[in-house]
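Summary of structural features
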Amino acid sequence: MAAAAREPLSATGLDEADEAVRGTCEDASVCKRFAVSIGYWKDPYIQYFVRQAKERKAPEINRGYYARVHGVSYLIQAFLKKTECNCQIVNLGAGMDTLFWRLKDENLLPRKYFEVDFPMIVARKIHNIKSKPPLSKPIMESHSGDSLLIGGTLLSHSLPEVNMTDRFGQIMIENLQRRQCNLAGVEVCRSLDSQKERLLLNGWETAHAIDMMKVYSFLPQADVKRIEGLEFLDEKELFEQLMQHYCICWASKDSSNLGLANITF
């Protein structure tokens, strides 16, 4: 897919673009809270950050977030076990993510944990943490070591789009554009191979990428069967198409020879 030339954005245009990106934080958080509320996974902390959804979310959205949360958690825990938690995590675009508290509950906190996001989102999160003892109490000081970058030394992972050159991918791009949320870097979202190439060209030693449908198939099938019984999914083909247009990418540098390149599903 050819990438269209982009005109420099004005200050107003940049603010509008940022606002659209900030809006995805609220959308994702509300979707996660709804999925938690009907039993897809347990997260006792998300209630302190986001209101309950006023309307039901589609089953394919709930299952997609279930796969995303469990897929990311699997990679993070694999990294923490390889490093014996003697590492640091940098969570880029963290939003209202509750990863820190969930890792604390599992006794898997790294030596240091950082979150990065827009100042407005960070300020809101800090306010919630300070005003809610179940959030503020676990916060502690720690020390640095190897790093994990979440976003998308060192293991890095991200959850970008993929297969964006087909008609379904074009519809996804058009939907984002209608929300003033242009997909930067869409030219590298052609395939899983192009996603891996992007990481390798930017200095990572090893890179992996699998679509979310594959991630879903790798999750513990007893639990997958449980969540599939929570609500009826009518549009199975739509669910599969959605999952085939998102992927998990992860890459590593391993100067300490910890075997990070062997982390996989």
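Residues numbered from 1 in each chain as written. Predicted model: local features only at pLDDT ≥ 70, side-chain atom pairs only at ≥ 80, totals over all residues. Heavy atoms only, no water.

The number of helices and strands found in the chain is ten helices and six strands. Within the chain, the proportion of its 265 residues that are buried is 43%. Accessible surface computed for the chain: about 14,300 Å², of which carbon and sulfur atoms make up 53%. (Helix = DSSP H or I, 4+ residues; strand = E, 2+ residues; numbered from the N terminus. Buried < 20%, exposed > 50% of the residue type's maximum accessible area, 1.4 Å probe, protein only. Areas by Shrake-Rupley, 256 points an atom, 1.4 Å probe, with all protein chains shown as cover.)

For the pair helix 2 (residues 59-83) and helix 10 (residues 236-243), interaxial distance at closest approach is 10 Å and the crossing angle is 35°. As for how helix 2 packs across helix 10, the hand of that crossing is right-handed. Facing helix 2, whose interface residues are Glu60, Arg63, Gly64 and Ala67, helix 10 presents Leu238, Phe239, Leu242 and Met243. Looking at the contact of helix 2 with helix 10, its residues break down into five nonpolar, one polar and two charged. (Axes fitted to C-alpha atoms, helices over the stretch in contact; angles between N-to-C directions. Left-handed = near helix turned anticlockwise from the far one by under 90°. Contact = heavy atoms within 4.5 Å. Nonpolar A, V, L, I, M, F, W, Y, C, P; charged D, E, K, R; others polar.)

Turning next to unusual backbone geometry. Negative phi values dominate among residues other than glycine, just as trans dominates among peptide bonds. Unlike most non-glycine residues, cysteine 85 shows phi in positive territory, near 65°. Inspection of the secondary structure puts cysteine 85 in the loop between helix 2 and strand 1 (87-92). Phi is positive for asparagine 163, close to 60°, though the residue is something other than glycine. Within the element layout of this structure, asparagine 163 appears in the loop between strand 4 (155-158) and helix 6 (167-178). On the basis of relative accessible area, asparagine 163 is assigned to the partly exposed category, the value being 26%.

Position of histidine 245 relative to the elements: it lies in the loop between helix 10 and strand 6 (247-252). Side chain to side chain, histidine 245 and aspartate 166 meet in a polar contact 2.9 Å long. Setting aside residues no more than four positions away along its own chain, histidine 245 makes contact with Glu161, Val162, Asn163, Met164, Asp166, Phe168, Gly169 and Met172. (Polar contact = N/O pair within 3.5 Å; in protein donor to acceptor, adjacent residues only side chain to side chain.)

Two cysteines joined by a covalent bond between their sulfur atoms form a disulfide. Inspection of every chain in the model, using the stated rule, returns zero disulfides. Just so you know, cysteine 189 is unpaired, no disulfide at all, and the nearest cysteine sulfur is the one on cysteine 247, 7.4 Å from it. Judged by its relative accessible area of 4%, cysteine 189 falls in the buried class. There is no disulfide at cysteine 249, and the cysteine sulfur nearest it, in cysteine 247, is 3.6 Å away. (Disulfide = S-S within 2.5 Å.)

Moving on to the pairing of strand 2 (residues 112-116). As paired elements, strand 1 and strand 2 share five bridges and run parallel to each other. If you follow glutamine 88 over to strand 2, its bridge partner there is lysine 112. Regarding the hand of the β-α-β motif, the stretch spanning strand 1, helix 3 (residues 99-105) and strand 2 is right-handed. (Pairing = 2+ DSSP bridges. Right-handed = clockwise from strand over helix to strand, strands pointing away.)

Take the packing of aromatic side chains next. Enumeration over the complete set of coordinates arrives at nine aromatic pairs. Centre to centre, the rings of tyrosine 216 and phenylalanine 239 are 5.3 Å apart; their planes meet at 75°, and the pair counts as edge-to-face. Within this pair, whereas tyrosine 216 is found in helix 8 (residues 212-218), its partner phenylalanine 239 is found in helix 10, the two being separated by 23 residues in sequence. Both residues of the pair, tyrosine 216 and phenylalanine 239, belong to the buried class. Grouping aromatic residues by their ring pairs yields a cluster made of Tyr45, Phe49, Phe100, Trp101 and Tyr113. Lysine 125 extends its terminal NZ or CZ atom over the ring of phenylalanine 49, reaching a point 5.4 Å from the ring centre. Of note, lysine 253 hangs over the ring of tryptophan 204, and the distance from its end group to the ring centre comes to 6.0 Å. (Phe/Tyr/Trp six-rings, centres within 6.5 Å; stacked < 30°, edge-to-face > 60°. Lys NZ or Arg CZ within 6 Å of the ring centre and 35° of its normal.)

With that out of the way, let us pick up the pattern of salt bridges. Within this structure, the stated rule accounts for eleven salt bridges. Arginine 102 serves as the salt-bridge partner of aspartate 43, at 3.9 Å between the closest nitrogen and oxygen. In this pair, aspartate 43 is assigned in the loop between helix 1 (11-37) and helix 2 and arginine 102 in helix 3, connecting sequence segments 59 residues apart. A relative accessible area of 17% means that arginine 102 is categorised as buried. (Salt bridge = Lys/Arg side-chain N within 4 Å of Asp/Glu carboxyl O.)

Let's shift gears to the environment of asparagine 86. Looking at where asparagine 86 falls in the secondary structure, it is placed in the loop between helix 2 and strand 1. Taking the C-alpha atoms as reference, asparagine 86 lies 6.1 Å from proline 110; in sequence the two are 24 residues apart. Side chain to side chain, asparagine 86 and arginine 111 meet in a polar contact 2.8 Å long.

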